[in-house]
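What the coordinates show
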Amino acid sequence: MPVQAYQTWSVKSRPDKRVKTVCERVGCPAWRNGWESVIDESTDLGRQQAAFIRGSRRTFREQHTAAGLTVFRFEPYQRCFADHQTMPEKYLVRGGDYRAQVGEVRVHKRAEDWVEHVQQHMSRLLNERDKG
C-alpha cells in the first residue's frame, strides 16, 4: 500500500530531561496509602519540621507518644513532602510509515487522549474490514 495509507503512533521522551510532577503520576505509595512523620519537637529542627507540617494545609491527625515525640498521620490521596520527578512524554500520531511522513504530526498532551485516538482509529479500521 502507499505511504499515505498508513499512520504511525508513537510515544517519545527525552531521557536527559526531567520535570517535577505530582505524586499520583509516579505512583507514590505515601500518596496512595497515607504516611506518618515522627518528629522530635525537643530539638530546633523538630520544632521547625512540626511548624512546617502544621502550616502545610495537608490533612493529618497529630498524636504524642510517651517518649515525647509527635506523630503526624497523613490521610491518603494528598501530596506528600517529596519532590517527585518524571520524564515528560509526547504522544504522537503522524501520517505515513517508516518510508516517509505525510501531513501534519498530531501531538496529544495526555496519554488518555492518545489511547482514545488509537481506539477510535482501530474501531474505524475494524468497521471497514467488516464491510468488506
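Criteria and cut-off values
Residues numbered from 1 in each chain as written. Predicted model: local features only at pLDDT ≥ 70, side-chain atom pairs only at ≥ 80, totals over all residues. Heavy atoms only, no water. Helix = DSSP H or I, 4+ residues; strand = E, 2+ residues; numbered from the N terminus. Polar contact = N/O pair within 3.5 Å; in protein donor to acceptor, adjacent residues only side chain to side chain. Contact = heavy atoms within 4.5 Å. Core = buried A, V, L, I, M, F, W, Y, C linked by side-chain atoms within 4.5 Å. Buried < 20%, exposed > 50% of the residue type's maximum accessible area, 1.4 Å probe, protein only. Pairing = 2+ DSSP bridges. Axes fitted to C-alpha atoms, helices over the stretch in contact; angles between N-to-C directions. Expected span 1.5 Å × (residues − 1). Arc of directions from axis to C-beta.

1. A closer look at the side chain of Ser-56
Among the secondary structure elements, Ser-56 is positioned in the loop between helix H3 (44–54) and strand S4 (60–64). A polar atom in the side chain of Ser-56 sits 2.7 Å from the backbone oxygen of Ile-53.

2. Some points on unusual backbone geometry
Positive phi outside glycine occurs at Arg-57, with the angle close to 70 degrees. Tracing the backbone shows Arg-57 in the loop between H3 and S4.

3. Re the environment of Leu-125
Along the chain, Leu-125 falls in helix H4 (residues 111–131). Each C-alpha atom, one on Leu-125 and one on Gln-101, is 20 Å from the other, the two residues being 24 residues apart in sequence.

4. Examining the side chain of Thr-21
By the element assignment, Thr-21 lies in strand S2 (residues 19–21). When neighbours within four sequence positions are excluded, Thr-21 is seen to be in contact with Val-26, His-84, Gln-85 and Thr-86.

5. A look at the nonpolar core
One finds Cys-23, Cys-28, Ala-30, Trp-31, Trp-35, Ile-39, Ala-50, Ile-53, Phe-72, Phe-74 and Cys-80 forming the largest nonpolar core, which totals 11 residues. For this core, the secondary-structure elements that each account for two or more residues are helix H2 (29–33), strand S3 (35–39), H3 and strand S5 (70–74). The contacts of Phe-74, once residues within four sequence positions are left out, are Gly-34, Trp-35, Ser-37, Ile-53, Arg-58, Thr-59, Phe-60 and Phe-81.

6. A short note on the sheet that holds S5
With antiparallel pairing, the three strands of this open sheet are ordered in space as S3-S5-S4. Looking along the sheet, the strands with just one partner apiece sit at the ends: S3 and S4. Strand after strand, the sheet turns through a mean of 20 degrees between neighbouring axes, direction not considered. Across five bridges, the pairing between S3 and S5 is antiparallel. Residue Ile-39 lies in a different strand from S5, and its bridge partner there is Thr-70.

7. Examining H4
With 21 residues, H4 should cover 30 Å at 1.5 Å per step; its first-to-last C-alpha distance of 30 Å lies within 8% of that length. Every buried residue of H4 is accounted for by Trp-114, His-117 and His-121. Down the axis of H4, the smallest arc covering the buried residues is 65 degrees, so these residues share one side. Pointing more than 90 degrees away from the buried face of H4 are the exposed residues Glu-112, Gln-119 and Asp-130. At its buried positions, H4 is contacted by strand S1 (7–13), strand S7 (89–97) and strand S8 (100–108). Looking one or two residues beyond H4, the residue adopting positive phi is Gly-132, at roughly 105 degrees.

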